[in-house]
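Close look at the chain arrangement
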Amino acid sequence: HQSTDAIWIAARVVSGLQEAISRRLDALHPVVVSFGRIEGGKAFNVIADHVRLLGTVRCLDLELHAKLPSWIEETVQAICAGYGGEARVRYRCISPPVHNDPELTRWGTQSLGRGVGGERVKEIQPVMGAEDFSILARAVPGMFFFLGITPPDEDAHTAPANHSPLFHIHEPALKYGVRALTYLAFDYLRRK
């Protein structure tokens, strides 16, 4: 009872950030905070004096993206202080959200349709991926797209995703990627 249990406080930080997202941030601008690594303690019967949390933050809104480091710092500090602990937060921005240029995307979607067939080109909802392509797309107009490589006998919605150890591709689909990029390149060069 005289200890400051860092593992217990770390658990409060993980759950507290999730709760704070739903209560303190605008629900119309989704934010995802995920911890992929938690390190702490040396023995099963000794209270840990420190814990290290490593995670990622994703959002779609550029303005909110800029505010998240200070918001997370304040939230984590408040949670830790409330339970007698203290925190050091290091937030490293790896990449901002990806935003496709609307005009280029309209044009590129038509080019992709010519290259691989219009029925194969689908516009999807934004995803919370972290991608350094976003840095390029802030400097010059960009268009990010996905190539469907799920085997035909599997459901794309339930097939293992690219960060899963079970991920696999239907290699014949790669020819569509080459074809798509070739059409985009030739159409873009003809456009100028």
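Here we summarise the structure given alongside this text. Please read all numbers here as calculations on a predicted model, not as lab measurements.

The rules behind each value
- Residues numbered from 1 in each chain as written.
- Predicted model: local features only at pLDDT ≥ 70, side-chain atom pairs only at ≥ 80, totals over all residues.
- Heavy atoms only, no water.
- Phe/Tyr/Trp six-rings, centres within 6.5 Å; stacked < 30°, edge-to-face > 60°.
- Helix = DSSP H or I, 4+ residues; strand = E, 2+ residues; numbered from the N terminus.
- Lys NZ or Arg CZ within 6 Å of the ring centre and 35° of its normal.
- Core = buried A, V, L, I, M, F, W, Y, C linked by side-chain atoms within 4.5 Å.
- Buried < 20%, exposed > 50% of the residue type's maximum accessible area, 1.4 Å probe, protein only.
- Contact = heavy atoms within 4.5 Å.
- Patch = residues over 30% accessible without salt bridge, like charges linked within 9 Å, V, L, I, M, F, W, Y side chains within 5 Å.
- Areas by Shrake-Rupley, 256 points an atom, 1.4 Å probe, with all protein chains shown as cover.
- Salt bridge = Lys/Arg side-chain N within 4 Å of Asp/Glu carboxyl O.

**A closer look at the packing of aromatic side chains**
- As enumerated under the stated definition, the model contains 4 aromatic pairs in all.
- With a centroid separation of 5.3 Å and 55 degrees between ring planes, the pair formed by Phe133 and Phe144 is classed as tilted. One end of the pair, Phe133, is in helix 4 (residues 133-139); the other, Phe144, is in the loop between helix 4 and helix 5 (174-191), and 11 residues separate them in sequence.
- Arranged with centres 5.4 Å apart and planes meeting at 80 degrees, the rings of Phe144 and Phe146 form a pair that is edge-to-face.
- A connected cluster of aromatic rings, assembled from ring pairs, spans Phe133, Phe144 and Phe146.
- The ring of Trp107 has Arg191 lying over it, and the distance from NZ or CZ to the ring centre is 5.0 Å.

**Considerations on the nonpolar core**
- Judged by nonpolar contacts, the single largest core of 16 residues is most densely connected at Val13, Leu25, Val31, Leu68 and Trp71.
- Mapped onto this core, the elements with two or more residues apiece are helix 1 (6-24), strand 1 (31-40) and helix 2 (62-82).
- By residue number, the principal contributor to this core is helix 2, which donates 7 residues.
- Once residues within four sequence positions are removed from consideration, Trp71 is found in contact with Leu17, Ala20, Ile21, Arg24 and Leu25.

**Quick word on a nonpolar patch on the surface**
- On the surface, Leu147, Phe167, Ile169 and Leu174 cluster together into a nonpolar patch covering about 290 Å² of accessible area.
- Of the residues examined, Leu174 reaches a relative accessible area of 39% and is grouped as partly exposed.

**A look at the side chain of Thr105**
- Within the secondary structure, Thr105 sits in helix 3 (residues 102-116).
- Ignoring sequence-local partners within four residues, the contact set of Thr105 consists of Asn100, Gly142 and Met143.

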